[in-house]
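An overview of the molecular structure
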Amino acid sequence: MKKLAIAVAAGLAALGLATTTLAQGPTEKVRKLNLYSWPQAALPQSYQAAQLIAQQWRQLGLDVEVKPLQRQAQTQLIWFSRDKWDTTMWRMVGRPERSDPDEFLYSLYHSSYAEKGYNFIGYLNKEYDALAEKQRTQLDREERRKTAFAMQEIINRDQPQAFLVHPKYALAFNKAVFKEDTVVNQSGIGIRNIWTFMNIQPLGAQKDLIINSNETINATNPLYIGGAVDSWITDLIWDRLMRIGPDGMPQPWAAEKVDWIDDKTIEIKLRAGMKWHDGQPVTIDDVIFSFEAPAGDKAPMYKPFVTDIAAMEKIGELGLRFRLKNVNTTFLTASLAKINLIPKHIWEPVLKDLAGKPETAEQLKSVPHVGSGPFKMVRWKPTEEILLDRFGDHFQAPKVERWIMRIVPNAEATLGMLKRGEINFLGMFGGDAEVLVKFSKENPDIAIKSEVDIGFEYVAFNNRRAPFNDVAFRRALSLVIDRRLMVSAAWQDYAIPANSHVSPVLSFWHDPKVDQLKTGVAEARKILQDAGYRLSGGKLYYPVGKRETLTTE
Amino acid sequence: MAGVAETATPTVLQRIASMPLRDPFAFVGLSIYVIFALIALLADVLAPMPPLEILFTSTGKLAANLPPSLDYPFGTTNLGRDIYAQLIHGTRSALAVGLSAAIVVSSVGTVVGLVAGYFGGRIDSLLMRIADMALSLPFLPFVIVLTGFLGASTSNIVLAVALLLWPNSARVIRSQVLTVRERTYVEAARVTGASSWRILFVHVAPNILPLSFVYAAIAIGWAIITEASVSFLGFGDSESVSWGYMLQDAFSSQALSRGQYAWFVPPGICIILIVVAGFFISRGYEEVFMPRLRGR
Amino acid sequence: MILEVDKLQIDYQAKDGVTRAVDGASFVVPEGRIVGLVGESGCGKTTAVRAIMGVLAENGRRAGGRIVFKGQEVDAATTKRLLWRDIAYVPQSAMSSLDPVYTVGAQIVEVLTKRGNANRRDARKRAAELFDLVGLNERRLADYPHQFSGGMRQRAAIAMALALSPSLLLADEPVTALDVIVQRQILDMLRDLQERLHLSMVLVTHDISVVAYLCDEVVVMYAGQVIESGPVREVLARPRHPYTMGLRNAFPDLMTDAMELVPIGGSPPDLRDAPPGCRFAPRCPFVLETCTTGADGHSLANGHMSACRRDGEADLLRKEALDPVTWQRSSSFAAS
Amino acid sequence: MAALVELRGVVKHFPVARSLGEIVRGKRPAVRALDGVSFDVGSGDAVAIVGESGCGKTTLGRLMLKLAEPTGGSIAFDGVALGGLSGDGLRDFRRQAQLVFQNPFDALNPRFTIYRAVAEPLVNARIDKAEHKDRIEKAFRRVHLADFDRYFDKYPHQLSGGQLQRVVLARALVLAPRFLVADEPVSMLDVSVRAGILTLMREIREAMGLTAVYISHDLALVRYLCDRTLVMYLGRIVEDGPTEAIVRRPRHPYTRALVAAVPVPDADQSRIALPIKGNIPDSSEPPSGCHFRDRCPLAFARCAEEAPALREAAGGHRVACHLELA
Amino acid sequence: MRLVVERFTHNALALLAVTTILFFMFRLMPGTPLAAFINENLNADQQQQMLEQFGLDRPMWQQYFIYLANLLQGEMGLSFFQRRPVTTILLEVLPNSVILTLSSLVIAYVFGVLAGAWLAWKRGSWIERVAVPAVLATRAAPEFWIGMVLLSLLSFNAGWFPSGGASSPGLAYTSNWQRMLSWDYIHHLALPVLTLALYLQGLPLLLMRSNMLEVMHEEFVTMARMKGFSEWRIVIHHAARNALLPVVTAFALGVGLSMGGNVVIETVFSWPGIGRLLVQAVSVHDYPLAQGAFLMIAMVLALMNFVADLLYIVLDPRVSHGRRG
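Within any chain, residue numbers begin from 1 and follow the written order of that chain's sequence. Each chain takes a letter, starting from A, and each ligand takes a number, starting from 1, following the order in which they are written. Since the coordinates come from a predicted model, pLDDT governs what is reported: local features require at least 70, and pairs of side-chain atoms require 80 or more to be given and counted, while whole-chain, interface and lining totals use all residues. Excluded from the side-chain calculations are hydrogens and water; all other atoms, namely the structure's heavy atoms, are used.

**Description of the overall build of chain D**
Strands are runs of DSSP state E lasting at least two residues, helices are runs of H or I lasting at least four, and both sets are numbered from the N terminus onward. When its secondary structure is counted, chain D shows 12 helices and 12 strands. Radius of gyration: C-alpha atoms only; globule rule: 2.2 Å multiplied by the number of residues to the exponent 0.38. Taken over C-alpha atoms, the radius of gyration comes to 21 Å for chain D, in line with the 20 Å a tight globule of 326 residues would show. On the principal axes, the C-alpha backbone points of chain D span a range of 65 × 60 × 40 Å. With 326 residues in all, chain D has 57% of them scored as buried. We call two residues in contact whenever any of their non-hydrogen atoms come within 4.5 Å of each other. Taking the intrachain contacts of chain D between residues at least 6 apart in sequence as the baseline, contacts between residues at least 24 apart amount to 66%. Entry remark: accessible area of chain D is about 12,800 Å², with carbon and sulfur atoms responsible for 50%. This count recognises Lys and Arg as positive and Asp and Glu as negative, with His and chain-terminal groups excluded. Lysine's charge is taken at NZ, arginine's at CZ, aspartate's at CG and glutamate's at CD. Seen as two clouds, the 44 positive and the 38 negative side-chain charges of chain D have centres 3 Å apart. Three labels apply to residues, based on accessible area from a 1.4 Å probe with only protein chains included: buried if under 20% of the type maximum, exposed if over 50%, partly exposed otherwise in between. In this description, accessible areas are obtained by the Shrake-Rupley approach with a 1.4 Å probe, and a residue is regarded as covered only by the protein chains that are shown.

Right, here's the structure in full:
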C-alpha cells in the first residue's frame, strides 16, 4: 500500500517535473553518488557513520549508495586513482609528532600534495597554499597561531570535506599493579606514551608492564617506519634529541637544550653522560651520524626529515649547530623529535656494507637493536610478544623492570587477558568502548583513561569533479550531517564532534570559532536552494545550465 | 533420449523420495531443509524490517544493544540493527551460497566423474591429475586468499568452494562409474548397440545421481561453513547479511563480553542445523544406496 | 556317530518377517565317513553347518533341535570349547575368510598358540608340517592371502582347519569356485587326508557329481528340510524322492549317453511363508492331494531315508521320472 | 557351409601397471589373454569354447562381438572385418550378433522394467516404436514366457534366476540375430533350472538356425549343446574337434586331463588318476614353446623351444602338440 | 617401491602445479605492493626502487623462474611489511601450528577410534542413536563458533584457561623443546587443542564405527569366531586391525587438512601459528608473506598426502605385496 502511494507520488512528481522543465529550460538530475567505506568488519564505527550519512544525504534528494571496500581496493581507488571516486569515509590518526599542527595544516590541503600526497581530495586554493607556507616560517607562536586560525576558517568556509568527529580513545591499566598518579596523559594521544612508560610505578611484586597490541609488530628498525605500533617500540629503544611532551610541545630530550640562533640556525647541546645499551658513550659524532645516515638512499622513509638540513657543525664536545636551507618552524617536531639517535660504531659498517647494493637499511636481516633509550631490546617474536628490559643507565630510567608487549588480535581476548592479569596495560582497544566501561565497573582495579584524539574521522569529497566542485553543494552535504548523531549512534559517545583539522586537544592551535557549525536539513536545503538546486519529485536537480559530465561508476 | 529419460527418472526420483521414510536421519535432514527454504522464501513477511536498517528508539536515540523483546525477539546489535531480521534474512544468503555451491560442485563433479570413469584413458588421467591438484590446495587458506585479494563477494566464495570441492565428488563418482561400468547390463547395452553417450546417460548416470545428491548436500554444508569462516575472519561480503557475518559482527562487537547470547548463539545453531541436515541426508543416502561406500 | 543333528530349526529375523531357513533337519555323521549335504541355494545346508559351528548371522537364531557331538549334546556355550579342536571348518571362499592383513603362516600360528597350547616355535614347525601335508611349499607361510591362487588358498584353508587335529571337518562348498582340474586336485587331497587322518567330514555342496566322487553318505536338503538321505551309491542309483530324481535328470552327464535334460519346473518356496505339507509338492509331477496337508512322511529302509509320502511307489515313480513328459505335468513347469 | 565368423591370428594383450624401470627401458609387460587364435565358425554351427579360468575364452567371446578390440590379427563377420566397423555398419552388426550373459541377475538394468529392457535393442536399432510390442511378444513366446503381460511391468529383482535368463535370452533374440555368443549361460543358476535353460537354448538355436558360440568350463554342458568344441589353454587353442570325439577320445594331454577331472554324478564311476600336476602359470609370463609343457607328463626338449601349431589329426581333430597322439 | 616413487612423483607434481597456480594468482591479483603504503614521501623513483627491491620490475616469466629457483633454496622472498625473509617468519611460527595440529589430531584420533569402536560395539542401542547425530553435529558446527563459546565460558567467565597466545608474558626458555614441554605452554595449548579435537574427532569416530561394522561382517571375522577365539581377540586383532587401516591414512591426511583449517582456530585463540599469519598477511595485502604461508601449508598438505599414501602402502599388505601365484 505504502509502496503504491510512493509510486503514485513519484509519477505525479515526474509530471510536475516535466512541466517545470518546460518552463525553466533543461536541468539535470544529480547522479547517483557512491559513498565508499571500509567494511563493517574493519571499522564498524566508520561503516555505521557511512550508513547514517547516506540516510541524511538522501533527505536532500540524493541517491546514495554505501559501498564497502577492502583496504587494498580502497587504497587503489582513492589514493592511487584520484579522479575516479565521489566521496569516501576517511580518517587521520593521531601521532605524537602530529601535535604540531603543521602536518595537518600543510599536507592535507596544500595544492602541491594534490597529485600524490595527502591532499587526495584535490582541494586547490591559492589563498590557503600561501597561508600554509607562511605558517611554516613563523617562528613566533602567536603569529603562527593567527595563521592557523585563518586556515581553519577557510576550510570551514569551503568544506572540502565534512569533518565528523575526533574519536576518544579509551585506554586502561591495572591500578592494583601500578600507582595511578604515575600514569601520564599525553594530550591528543592518551596514557599510552613514553612518559607513562618511564614514570609508571609498580606497586607490588609485578614489576613488568604488559601491554597489548592488536597489530603485529612489523619492524623494530630505527631507519624504517613499518606501522603505528612499531613506533611505540622504536620510541623506547632509541632516544631522540627532542621529544613531544605530554603537552604536545617538543621539549629537549637527549639534547639538554635547543636554541634558535636565527631563522635558519639551531644549536643544541647534548646531554652529558649518556650511554648506548652496549655501554659505549653517546657522542656528538653519533648524533651527526644519525642525521647524516638518512640523507643517503638507504633510509628512504626518514630522508624527508633531514632534507632541510644544509649543514651540521660541531661545537665543542657536546654542542651541535644545524644550518637549515629554509625557515622551518616544524624542524623541531619533524626532525629533531623524529630522527632516532643511532650508534655510529655499529651502524657505520652496516651502512657501508649496504652501499652499492639495491637493498636499503629497511631490509636488514638483523637490525642492531642498540639504542640509548630508556628500554633495551631483549627478545622479539613478531606475532607473539616483544620484551624490553629497563635501561638502568638512562638519564630517566624507568621504574618498571620490563616492558612487554603482547600481540592479541581480537578485542574479546584482550579484555579476557586484562581481567586475568595476562596484560596490565590496555594500550590499544579495538572493541566497543561501552563494553570497556562496563568491564571496569565489574573489575574495579581497572582504571580507564580516555582522551580525545589529535586525529579525526571525515567524509572526503572529491573536489575535482561535479557535484563536489561546488562549494554550496559540499557545504550542504556537510551541514546536513548531524555530528551529535555521529557521536552517539556511531561512536557511542566515545568521540566529540569535529569541524577542524586541528583537534580541540591542541587547544593552543584550535580555532574555537569553527565549532559553531549550524547543522540541519533545513539549513542544507536552504543552501542548495540559494545555489539554484531544485528538489523535484524527491530528487535533487542541478541549477539551470549546469551539466553533468560524469556517470556513476 | 527424452522418452528414455522419462521412464528412467521416476525410479530414481521414487527412490530418492521414498528414502526419507526409510531413514529417519534423512527425514530430519530434509525437514530442516524444507523449513529453512520456507523461511528464506518468506523472509520479507517474517521480518519486514531490512536487516541493515539502523533503528532508533522513540526518543530518537540509537536502538543499540536492546535486550530481546516483543519488537525485537533477539534484541538489537550494538549498532542498532534487528538481530531477528538479520537471522531471517541470513537464511537467504546461506541458502544462496549453499545451493549455488552445491549445484556447481555436484554438476561439475558428476560430469567429470562420469566422463573420466566411463571413457578412461587419457581423459581420465588428465581429469584426475587436475583433481589431484585441486585437492592439494589447502581449502580454507585458498578461499581466504581468493576472497581476500579478489574481494569477498558471495560469488567468489562459491567459486572458491566449487574449485576445491568438485574433485571429491568427481573421484567418488568416477570410482562408482568404474564399478557400474563393469556391470553386466552395461555391457549388455553395448551389445544391443547403444551408443557410448546413451550408455553413459541412460544406464550409468541414473546410478550415479544419488551420489551427486549426497555430494550436493555435503557441499551445501561446506559452502555455508566456509562462508561463515571467511566472514568471521573479516573477508566476508559486507553487503549481504549472512550468519557468518552476524557471528563476525557479534565477535568484534564483543557480544560475548556483553553476554548477548541472543546475538551469537542463534546464527551458530542455524549453521549447525543446516550443515548437519546435509550430513543426515548424505548419511541416509549412503546407507540406502551404497552401504559399502564409506571410508576410503 | 560322531555327530547327530536332530530336528534342527534356525530362524532369521528380517524386517518383513521370520524366515525359517532350517526347519527340523535331522542327519547323522558316522565316525570316519564323508557325508555330502546337497541342495540348491537357499535350501539351508550352509546355515545348518554354520549352526553346528555356533556361528550364525546376527539376525539368526537356533529355534529348536539338538546337536550331539560324540554323544554329548552341545549348545552355544559348549560348542565354543569344541571349536577347531574337535570340529573345524573349511570355508567356500578362502579368500574372504582369511584375514588380509596377516600372513597365512601367522594365522595358522595364531590358531596353534591361542587355541592349541603350542609355543610359538613349535607352532611354526607345525605350520610348516601342515603346509607340507596339503602340498604347499612352507616358504609360502610368509605370504599374504591375496598372494595365493584360488587352489592354493583352499589348500591353506584346509591346512588351517587341520591345525589342531580335529576329528570332524565341516567343508562348505570347498571346491565350488575352482576350475575342474584344481577342483579334482583338492577333492583327491581331501579324500587322501580323510583316510590318513581318520577324519569324519561333512561336505556341503550343490553338485551331486562332487558327492558321487567323494562322499560315503548323502543328505539331500530342500527348502530347509532333509528330504532324502542314505549311502551315496544307494541314493544316486535308486533315488526315492521325486526331487532327487529330478536333480539326477537335470544334470548333463559327461559319460552317459542319455542326452535328454529335464528341468524341474518352478522354484523353491518362499521360506517366510512355506506351504503346509510337502514343500516340493508345487513342483512335483507325482503330487497327490494328501501331499499338501498334514505332517511329513518319513520312511527308512536300509539306512535310506525318504520324506516322500509316495515312498512306497518309489520304484515306479523313478521309472516315470525318466520320461521328460512326466515333468511337464507339474503345475509350475511353465514358469521355471 | 561358409564360415560366418573367421578369426585369424587373433592376439589380445592387456597391459599391466609398469614399474619405473620398465617405463625407462620402454618395456610394456602385458597379460597375454589370447596368443594367436585362428578358427572359423560355420554358418549354423554350434561351437563350444572350453577351458579353465584365465585361458582367454571370455576375452575371445568379447572380441567376436566387438566389445573389445584385438591387439593383433583379424576377425571377420560374414566376410566383413570387425575392425573397420563403425556407424551404420556397426549398428547392423549389433543387430546380427548378440550375447547371453553368465549372470542373469546383473544382465538387466535394475532401473528398467522388463519391457523396457527387452525393447532396448529395438530402440538402439532404430526400429519403429509401433513394431516393438509385436516383436517383444514374439521373443517372449520363443523363450516360453508366453504369459508375457505378467512380466512387462516388473523389475528384474522381482524375477527368479530362470525367468531372468529367459528374459535375457528374449532380449538377445528380439532383433532376430544370426549369431549368438553365450558365456557360461547357466553357471549362476540353480541346478534344477539349468536344464530348462539349456534345452531352451538348444531348441531356439535349432528353430532359428542360429550360429552359436558357447563359452564354458563345463564339458558336460558343452556336450549337450555343441557339435564342435575348441579347448583352450593359456590363450591358445590346444584342440579342436567334434565334441563327442573330444569327450570320448581326447588327444591333447591337457584335454585328457580336463576330461578326466570332470566329476560325474555316479558313485560307481571309475576314478582315473589325474594325469597332470600343478597350477596354471601366470599368464603374463607363460612358459616358452608350448604353454602346457611345464605340466605335461609327455613334455620333451622340443616343447620348450617351439610352440606346436594346430594341425590335423585323426577323427576330424586338430591338435596343437608335437607328438602324434592317438 | 615402485608405488612409493609413483606416489611421490604425483604429489610432487601436484605441489609444483599448486606453486605455479599460486604464483600467477598472486601476480594477477589487483593492485601492487605499493598500494600497501600510503606515504606521501614515496616519490616515483622510490616506488620504482621498491619494485626493484622486490624484483617486481622484471617480466612475469622471469619472476616465476626466479621464484622457483629461490624456492628450491628455501627462499620465499621478503615480507612487504616486516622486511624480513618470509622463510624466517614462517619457521618461527611453524612449530606452534604443528604442535597444535598434531596434539589435537592425536587426541581426536585416539578418542575417535576408541569411541568409534565402542559405538560399533553398541550398535542398535540408544547410546548409538544419540551419539551419532551428536557427533555429526560437532562436525557441522563452525570451529570458530565453538572456539568463541568455549573461550567465553572456560576462559573469560570461569578463568580456567588463558585467553589466548602461546605463552605467558615474558617467560623465557632455553630451547624450543623446553618451551613446548613447559606447563605454561601446555596450559595455553589446552583450549585451542580441545576445540580443534572436538571438531576433528568426528571423522575418525564415524570412520572407525562404520569400518568396524563393516569388518565385523567380513567372513574372516566369522572364521575367527569359528576358530573359537575370544571376542576380545577378534575385535582387537582382526576387526580393529583391519578397520584401522583407513583411519590411519585419514590421520595423515588430517594433518595436512587441518593445518589449513586451523586458520580460524588460531585467530580465535590468538595462537601464533601459520594460519593466523596467513590471515594477517592477506588482510594487510602482504603478498610474499601470504604466498609463503599458503605454500607452506600446501607443502605440509602435499607431504602428508604422500605420507598417507606411504602408510597405505606399508600397512596394507594387499598393496605392499603384489599379487602372486
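**Some thoughts on the packing of aromatic side chains**
Each aromatic ring pair is described using two quantities: the centre-to-centre distance and the angle formed by the ring planes. Between rings of Phe, Tyr and Trp, where Trp is taken as its six-membered ring, a pair exists when centres lie within 6.5 Å; planes separated by under 30 degrees are stacked, by over 60 edge-to-face, and by other angles tilted. Counted under the stated rule, the structure contains 60 aromatic pairs over all chains. Geometrically, the ring pair formed by A:Tyr109 and A:Tyr123 is edge-to-face, given 5.7 Å between the ring centres and 85° between the ring planes. Here the residue A:Tyr109 occupies a position in the loop between helix 4 (102-107) and helix 5 (126-137), and A:Tyr123 occupies one in the loop between helix 4 and helix 5, the gap between them amounting to 14 residues. As far as the burial class goes, A:Tyr109 and A:Tyr123 line up, both buried. Seen from their ring centres, B:Phe25 and B:Phe280 are 5.0 Å apart, and the 75° between their planes marks the pair as edge-to-face. Here B:Phe280 lies in helix 12 (residues 261-289) and B:Phe25 lies in helix 2 (residues 24-41), a separation of 255 residues in the sequence. For B:Phe25, a relative accessible area of 16% corresponds to the buried category. One Lys or Arg, D:Arg116, reaches over the ring of D:Phe112 and ends 3.6 Å from the middle of that ring. Any Lys NZ or Arg CZ that is within 6 Å of a ring centre and within 35 degrees of that ring's normal is treated as a charge sitting over the ring. The ring of E:Phe229 is capped by E:Arg233, whose NZ or CZ atom sits 5.8 Å from the centre of that ring.

**Brief notes about the nonpolar core**
Grouped together as the largest cluster of nonpolar side chains are 269 residues, with contacts concentrated most on C:Trp84 and C:Ile108. Both domain 1 (95-164) and domain 2 (238-335) of chain C contribute no fewer than three residues apiece to this core. Look past the residues within four positions of C:Ile108 in its chain and what remains in contact with it is C:Ala127, C:Leu130, C:Phe131, C:Leu141, C:Ala159 and C:Met160. Among the buried residues, those of types Ala, Val, Leu, Ile, Met, Phe, Trp, Tyr and Cys that are joined through side-chain atoms within 4.5 Å form a nonpolar core. Residues D:Leu34, D:Phe77, D:Met201 and D:Leu210 belong to the second largest nonpolar core, which totals 112 residues. These domain limits were set by an automatic method or by a database of domain assignments.

**Details of the packing of helix 12 (residues 274-283) of chain E against helix 13 (residues 287-315) of chain E**
Residues and elements named next belong to chain E. Helix axes are fitted only over the stretch in contact, all axes being lines through C-alpha atoms; the angle between N-to-C directions runs from 0 to 180 degrees. Running from N to C, helix 12 and helix 13 point in directions that differ by 150°, and their axes come no closer than 8 Å. For the element pair helix 12 / helix 13, the angle class is roughly antiparallel. Handedness of the crossing formed by helix 12 with helix 13: left-handed. Residues Ile274, Leu277, Leu278, Ala281 and Val282 of helix 12 touch helix 13, and the partners they reach there are Leu289, Ala290, Ala293, Phe294, Met296 and Ile297. Charged residues are taken to be Asp, Glu, Lys and Arg, nonpolar residues to be Ala, Val, Leu, Ile, Met, Phe, Trp, Tyr, Cys and Pro, and polar residues to be all remaining types, Gly included. Taken together, the residues of the contact of helix 12 with helix 13 break down into 11 nonpolar, no polar and no charged. With respect to orientation, any angle under 35 degrees is reported as roughly parallel, any angle over 145 as roughly antiparallel, any angle of 65 to 115 as roughly perpendicular, and every other angle as oblique. In a left-handed crossing the near helix is turned counterclockwise from the far helix by less than a right angle, and in a right-handed crossing that turn is clockwise.

**As for the domain arrangement of chain A**
All names here are of chain A. Under the domain assignment, chain A is made up of domain 1 (171-237 + 368-452) and domain 2 (242-349). With 28 residues of domain 1 at the interface, the matching set in domain 2 holds 25 residues. Accessible area that two parts lose when put together, evaluated with a 1.4 Å probe and summed over both, is termed the buried area. Taken over both partners, the interface formed by domain 1 and domain 2 buries close to 2,400 Å², and the fraction arising from carbon and sulfur atoms is 68%. Each reported salt bridge corresponds to a side-chain nitrogen of Lys or Arg within 4 Å of a carboxyl oxygen of Asp or Glu. With a shortest N-O distance of 3.5 Å, Arg243 and Asp235 are connected by a salt bridge. What qualifies as a polar contact is a pair of N or O atoms within 3.5 Å, subject to a donor-acceptor requirement within protein and to the restriction that residues adjacent in sequence count only when both atoms come from side chains. Here domain 1 is connected to domain 2 by nine residue pairs in polar contact (both at pLDDT 80 or more). Contributions of two or more residues to the side of domain 1 that touches domain 2 are made by helix 7 (194-199), helix 8 (228-237) and strand 12 (375-381). In terms of residue class, the side of domain 1 that touches domain 2 is made up of 14 nonpolar, 11 polar and three charged.

**Description of the environment of A:Val93**
Residue and element names in this part refer to chain A. Following the sequence through the fold, Val93 ends up in the loop between strand 3 (87-92) and helix 4. Once the C-alpha coordinates of Val93 and Val66 are considered, the two residues, 27 residues apart in sequence, prove to be 23 Å apart. When near neighbours in sequence (up to four residues on either side) are disregarded, Val93 contacts Arg98, Phe104 and Gly455.

**A look at helix 12 of chain E**
Counting buried positions over the 10 residues of helix 12 of chain E gives nine, a clear majority of the element. Three or more residues of helix 12 of chain E are buried, namely E:Ile274, E:Gly275, E:Arg276, E:Leu277, E:Leu278, E:Val279, E:Gln280, E:Ala281 and E:Val282. Summarising the contacts, the buried residues of helix 12 of chain E are in contact with strand 14 (402-407) of chain A, helix 6 (139-150) of chain B together with helix 4 (86-121), helix 11 (231-268) and helix 13 of chain E. Positive backbone phi, approximately 60°, marks E:His285, located one or two places after helix 12 of chain E.

**A closer look at the pattern of salt bridges**
Residues and elements named next belong to chain A. Applying the stated criterion to the full structure yields 74 salt bridges over all chains. For Arg240, the salt bridge goes to Asp235, with nearest N and O atoms at 3.0 Å. One exposure class covers both Arg240 and Asp235, and it is buried. In this structure, Glu267 engages Arg321 in a salt bridge whose closest nitrogen and oxygen atoms are separated by 2.5 Å. Within this pair, whereas Glu267 is found in strand 9 (residues 265-270), its partner Arg321 is found in strand 11 (residues 319-324), the two being separated by 54 residues in sequence. The network of salt bridges with common partners includes Asp235, Asp239, Arg240 and Arg243.

**Remarks on unusual backbone geometry**
Here the amide bond leading from A:Ala466 into A:Pro467 is cis, since omega sits at 0°, within 30 degrees of zero. Residue position: A:Pro467 is located in the loop between strand 17 (456-461) and helix 14 (471-479). Notably, C:Trp84 is not glycine yet its phi reads approximately 70°, a positive angle. On the basis of relative accessibility, which here comes to 0%, the residue C:Trp84 falls in the buried class. If you check the backbone angles, D:Arg126 has positive phi at about 60° while not being a glycine.

**Brief notes about the pairing of strand 6 (residues 97-100) of chain D**
Residues and elements named next belong to chain D. The alternating pattern of strand 6 places Ala97 and Leu99 and Gln98 and Val100 on opposite faces, both of which are buried. We call two strands paired when DSSP finds no fewer than two bridges between them. Relative to strand 7 (residues 179-183), strand 6 runs parallel, the two being bridged by four bridges. Bridged to Gln98 within strand 7 is Leu180.

**Some words on the packing of helix 4 of chain E against helix 11 of chain E**
All names here are of chain E. Their axes nearest at 8 Å, the elements helix 4 and helix 11 cross at an angle of 145°. The interaxial crossing formed by helix 4 with helix 11 has right-handed handedness. Each residue belonging to the contact of helix 4 with helix 11 can be placed in one class, and the counts come to 17 nonpolar, five polar and two charged.

**Section: helix 2 of chain B**
Residues and elements named next belong to chain B. Helix length check: helix 2 (18 residues) gives 26 Å between terminal C-alpha atoms against 26 Å at 1.5 Å per residue, within 8%. Within the sequence span of helix 2, burial applies to Phe25, Ala26, Gly29, Ile32, Tyr33, Phe36 and Ala40. One face of helix 2 carries all of its buried residues, which in axial projection span an arc of 125°. Across from the buried face of helix 2, at angles greater than 90 degrees, the exposed residues are Pro24 and Leu41. To estimate how far a helix should reach, multiply one less than its number of residues by 1.5 Å. Arc definition: it is the arc formed by the directions from the helix axis to the C-beta atoms.

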